[in-house]
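Survey of secondary and tertiary structure
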Amino acid sequence: MKKFFIKLTAVIFTVSAFLLAGFVSVIGTATSGAFYRWQFEKNNTLEYVRAQASYTADPAAKEYLSSLTDSGLEELMSHTMKYCLGAEDDLNPIINGERVEVFRPDEVSHMYDVKTVFKGGIAIGAVSAVLFISGLAAALVFKKSFYENCRKIPYITLAVMLGLIAVIGLAAAVDFDAAFELFHMILFEGNWTFGNGVMIAMIGAIFTDIVPVIITVWLILSAVFVAGTVLYNRYLVKKYGGKSGAL
């Protein structure tokens, strides 16, 4: 029974490392100014956002959107992400000391749901960080126990996790639109389809590129975890004996 719990701890440690890597890859990409600049230039986003001025009846919003610049668009995107991460209370920005209703009520409602999802992700990231640090400390303190019971478990656990991601990724690659719709149906209760509006004009074309970037960063961080585990296991093999080629 004792060995079971030791091995279970190693599984939890590996899962937490995997989830933490995912959290870092999502937040890192979603808050990257360089990523958005690349996407805005690639998709001619500024012109699409400016065109939304014709759909608003608010004179202040109409003036703001029609005269929007590249730097202004980046600031609007930064404000949006700060709202999603809880650093801003209002999705609509303050321009020259006045609140401008850039986003319609239906867009605000949807982004509130997005903010809720981000809150959940931050909570998972925080718990994963605590579990990862605790597991790492345990592996470093109880070296012999890790060597005798757990040194192969991280590889097996990570292989299972990557296999699940690969299956999900394959399904999304086969029919991205269906996967995108299912993703939104699972996470969001309200309306998430928009024919026009600043939000869809600003981020609607980004998803096909943000997913590969997140996955790439996630895999790199996972590879770093594997490399660290390999090096630690080799150290333990030298310390406690065993086959020279053991991981």
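To start, this report covers the structure provided alongside it. (Residues numbered from 1 in each chain as written. Predicted model: local features only at pLDDT ≥ 70, side-chain atom pairs only at ≥ 80, totals over all residues. Heavy atoms only, no water.)

Quick word on the overall build of the protein
A count of helical and extended segments in the protein gives 11 helices and two strands. Along the protein, helices and strands appear, N-terminal first, in the series α-α-α-α-α-β-β-α-α-α-α-α-α. For a compact globule of 247 residues, the expected C-alpha radius of gyration is about 18 Å, and the protein comes in at 23 Å, more than 25% above that figure. For the protein, the spread of C-alpha atoms along the principal axes amounts to about 75 × 40 × 30 Å. Out of the 247 residues belonging to the protein, those deemed buried represent 36%. Long-range contacts, defined here as pairs at least 24 residues apart, represent 76% of the contacts in the protein between residues at least 6 apart. (Helix = DSSP H or I, 4+ residues; strand = E, 2+ residues; numbered from the N terminus. Rg over C-alpha atoms; globule rule 2.2 N^0.38 Å. Buried < 20%, exposed > 50% of the residue type's maximum accessible area, 1.4 Å probe, protein only. Contact = heavy atoms within 4.5 Å.)

What about the pattern of salt bridges?
Tallying each qualifying case throughout the model produces six salt bridges. Between R99 and D90 there is a salt bridge, and its shortest N-O distance comes to 2.4 Å. According to the relative accessible area criterion, R99 is partly exposed, its value standing at 42%. Owing to a relative accessible area of 27%, D90 belongs among the partly exposed residues under this scheme. R99 is paired through a salt bridge with E101; the nearest N and O atoms lie 3.3 Å apart. Sharing partners across several salt bridges, the network here consists of D90, R99 and E101. (Salt bridge = Lys/Arg side-chain N within 4 Å of Asp/Glu carboxyl O.)

Concerning the nonpolar core
Within the largest apolar cluster, 41 residues are counted, with the highest numbers of intra-cluster contacts made by Y36, V49, V102, F103 and M202. Residues contacting M202, with those up to four places away along its chain left out, are F40, T45, V49, L73, L76, M77, T80 and F103. Counting residues in hydrophobic clusters, the runner-up holds nine residues, among them F146, Y147, I153 and L236. (Core = buried A, V, L, I, M, F, W, Y, C linked by side-chain atoms within 4.5 Å.)

A look at the packing of aromatic side chains
Inspection of every chain in the model, using the stated rule, returns 10 aromatic pairs. For the pair F13 and F225, a centre-to-centre distance of 5.7 Å together with 55° between the ring planes defines the contact as tilted. Of this pair, F13 sits in helix α1 (residues 2–30) while F225 sits in helix α11 (residues 207–240), and the two are 212 residues apart along the sequence. The burial state of F13 is the same as that of F225; both residues are buried. Within the aromatic cluster, the residues linked to one another by ring pairs are F35, Y36, W38 and F40. Against the face of Y83 rests K115, its NZ or CZ located 4.4 Å from the ring centre. Positioned above the aromatic ring of Y147 is the side chain of R151, whose terminal nitrogen or guanidinium carbon lies 4.3 Å from the ring centre. (Phe/Tyr/Trp six-rings, centres within 6.5 Å; stacked < 30°, edge-to-face > 60°. Lys NZ or Arg CZ within 6 Å of the ring centre and 35° of its normal.)

Quick notes on the side chain of N149
The residue N149 is located in helix α7 (residues 143–149) in this model. A polar side-chain atom of N149 sits 3.0 Å from the main-chain carbonyl oxygen of S145. When neighbours within four sequence positions are excluded, N149 is seen to be in contact with K3, I6 and K7. (Polar contact = N/O pair within 3.5 Å; in protein donor to acceptor, adjacent residues only side chain to side chain.)

Structural measurements only, silent on function.
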